[in-house]
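Structure assessment
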Amino acid sequence: MLAKVQSCAVIGLEGALVEVEVDLSNGLAAFTIVGLPDAAINESRERVRSAIKNSGGLFPYKRIIANLAPADLRKEGPAYDLPIAIGVLAASGQINPDTNVEECLFLGELSLDGSLRHTNGILPMVALACEKKVKTVFVPAADAMEAALIEGVTIYPVETLGQLIAHLNDERQIEPFIPNPHILDNVENVYYGQDMASVRGQEHVKRTLEVAASGGHNILMSGPPGSGKTLLARTMPSILPRMVIEEALDVTKIYSVSGMLPSDMPLVLQRPFRSPHHTTSHAGLVGGGRIPRPGEISLAHRGVLFLDELPEFGQNVLEVLRQPLEDKVVTISRAQGTITYPANFMLVGAMNPCPCGFLNDPVKECTCSATAITRYQKRISGPLLDRIDIHVEVPRVDYEKLADKRQVENSETIRKRVQVARDRQVQRFKGTRITCNAEMGPAEVRTFCEVEPSAEKLMKAAMQQLHLSARAYHRVLKLARTIADLAGSDVIAANHVAEAIQYRPRMGV
Ligand SMILES: Nc1ncnc2c1ncn2[C@@H]1O[C@H](COP(=O)(O)OP(=O)(O)OP(=O)(O)O)[C@@H](O)[C@H]1O
Ligand SMILES: [Mg+2]
């Protein structure tokens, strides 16, 4: 007897349909899985055997072959337990032949007692089911909420294999999962962490962070120890604009394949904030491993990647950021194939200006030699610095400002302004793949950055006197566009350009 059921593999963030064929024949009892399975799938035999036995089914005493097709696609992970078990049951006549199991998609890891466990990557797999017009999907009950984010597919939450057998034999129906229509309402109750109001002084840095958050610009903060750089960066999540639903689904897919989605909240609604330590490896930062997994830059997709103490990161670790910063994706090649993960993040860096940290400090004298300073600053290469739109100095805070009891602006007020500015950008770039000003290429800069005559004059003067490069020219225009958006202006005025010029890099380049 032969039975076929559908399942799914995830390559990178994309799903691929996998057909599970199970054939039973007479002969010496054996259970073999073929079709490039990894160790977890080979162990699946033991789980399937026990799960069927403990769910009231009969494990056939025959020669069993399960084939995962297409055979040239490497399969990994325990998600094939359920389709293999259903294949075995169907091939041995324990499932009503009138039930069209061939047209359903089965996903999930089995326990020995027959219950279904949480499985990674459910969202991209169900997204594929929808694309391939599969109408019915059976998933572990714990993942039903995540699966239901995709519309147009009937999701059945399965607690145990026994329950699923009863459903397929029309003995006891499982109710399809009804998605919660209020899932997006939770966005108002998220916890943002540190509030901007807790940072005293540093008004110009706060303004710079506001501009960066509005337009998605990369930013580097430099200043003496204890001036509040880390503190300021950690307040970033509280002023970032909301994600639109497509962005949220993108981010959720990454967290789904990484197994980092909380089960009670299957949709990532808040922009991610990742701050890897400077001892992080290549693979940890950009993704990799024998079976490639998303790295920190992909986990920070649509959010912030905060690199504290930037010069302490290994030089070659930093250099690998150059390509993703430009392309917004990272491609990892392995012998088994190539995987592309999205990596459209906003880079926030913090550093001291020199090894002792007090270069240019008005109070404490810097004790570093000129060569030590150059060597330290050279750890961040020119091309990387050049990809950071905004450079800002974070000076020490005076006692008066620190001790000041007056209320300062809180994050909510700033976030509202940022949101308005970002909404203007989303509106502007409707129909394109761009979502914020920082992503504009030269063509878009020409189309969307309309400059007033007085601003043009200022631009020309700056180009000539400050010897700005072509890249710097575009950078200033993009920043000026964001500043104009914050001011609610359709054209870029001279004061917007003037502010944008201030943010240009001072170091290295
Ligand atoms: N502007 C500020 N307002 C309120 N508290 C501040 C401010 N700046 C610094 N602090 C206090 O100083 C502590 C240290 O600041 P933070 O860690 O941000 O410094 P840093 O600039 O990152 O220093 P380093 O260069 O050594 O990493 C903060 O936890 C906070 O308590
Ligand atoms: Mg710090």
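Scroll up to find the structure this text is about.
Overview of the structure.

What follows deals with the overall build of the chain. Within the chain, the secondary structure is distributed over 20 helices and 18 strands. For the C-alpha atoms alone, the extent of the chain along its principal axes is close to 85 × 45 × 45 Å. Looking at the chain as a whole, 53% of its 509 residues are labelled buried. Of the contacts formed within the chain by residues at least 6 apart in sequence, a portion of 73% connects residues at least 24 apart. A gap of 6 Å separates the mean positions of the 55 positive and 58 negative side-chain charges of the chain.

Turning to the pattern of salt bridges, a few remarks are in order. Evaluation of the coordinates by the stated rule reveals 24 salt bridges. Residue Arg406 is joined to Asp404 by a salt bridge in which the shortest nitrogen-to-oxygen separation is 2.9 Å. A residue is classified by how much of its surface remains accessible, and Asp404, at 26% relative accessible area, is partly exposed. Salt bridges here are not isolated pairs; linked through shared partners, they connect Glu326, Asp386, Arg387, Arg471 and Arg475.

Let us look at the nonpolar core. Formed by 59 residues in total, the largest nonpolar core has its most connected members in Leu107, Val137, Ile297, Leu321 and Phe345. It is helix α3 (residues 122-131) that provides the largest number of residues to this core, a total of seven residues. Discounting chain neighbours no more than four positions away, the residues touching Ile297 are Leu285, Val286, Leu305, Leu321, Pro324, Val330, Ala343 and Phe345. Within the second largest apolar cluster, 47 residues are counted, among which are Ala213, Ala233, Leu240 and Tyr503.

Near ligand 1 you find 16 residues, and of these Arg200, Gly226, Lys229, Thr230 and Asn352 are the closest. Between an oxygen atom of ligand 1 and a side-chain N or O atom of Asn352, the distance comes to 2.9 Å. Isolated, ligand 1 exposes 630 Å² of accessible area, and the fraction of that covered by the protein chains is 67%. The leading source of residues in the shell around ligand 1 is helix α7 (residues 229-234), at three residues. The class makeup of the residues in the shell around ligand 1 is six nonpolar, seven polar and three charged.

What follows is about helix α18 (residues 453-465). Taking 1.5 Å of rise per residue, 13 residues should cover 18 Å, and α18 covers 19 Å from first to last C-alpha, within 8% of that figure. Looking only at α18, the buried set comprises Ala455, Met459 and Ala462. Here the buried residues of α18 occupy an arc of 65° about the axis, which is enough to place them on one side. Residues of α18 that are exposed and point over 90 degrees away from its buried face: Pro453, Lys457, Lys460, Gln464 and Gln465. As for α18, its buried residues are in contact with α19 (470-486) and α20 (494-502).

Procedures and definitions
Residues numbered from 1 in each chain as written. Chains lettered and ligands numbered in written order. Predicted model: local features only at pLDDT ≥ 70, side-chain atom pairs only at ≥ 80, totals over all residues. Heavy atoms only, no water. Helix = DSSP H or I, 4+ residues; strand = E, 2+ residues; numbered from the N terminus. Buried < 20%, exposed > 50% of the residue type's maximum accessible area, 1.4 Å probe, protein only. Contact = heavy atoms within 4.5 Å. Lys, Arg positive; Asp, Glu negative; His and termini not counted. Charge placed at Lys NZ, Arg CZ, Asp CG, Glu CD. Salt bridge = Lys/Arg side-chain N within 4 Å of Asp/Glu carboxyl O. Core = buried A, V, L, I, M, F, W, Y, C linked by side-chain atoms within 4.5 Å. Near = heavy atom within 4 Å. Polar contact = N/O pair within 3.5 Å; in protein donor to acceptor, adjacent residues only side chain to side chain. Areas by Shrake-Rupley, 256 points an atom, 1.4 Å probe, with all protein chains shown as cover. Nonpolar A, V, L, I, M, F, W, Y, C, P; charged D, E, K, R; others polar. Expected span 1.5 Å × (residues − 1). Arc of directions from axis to C-beta.

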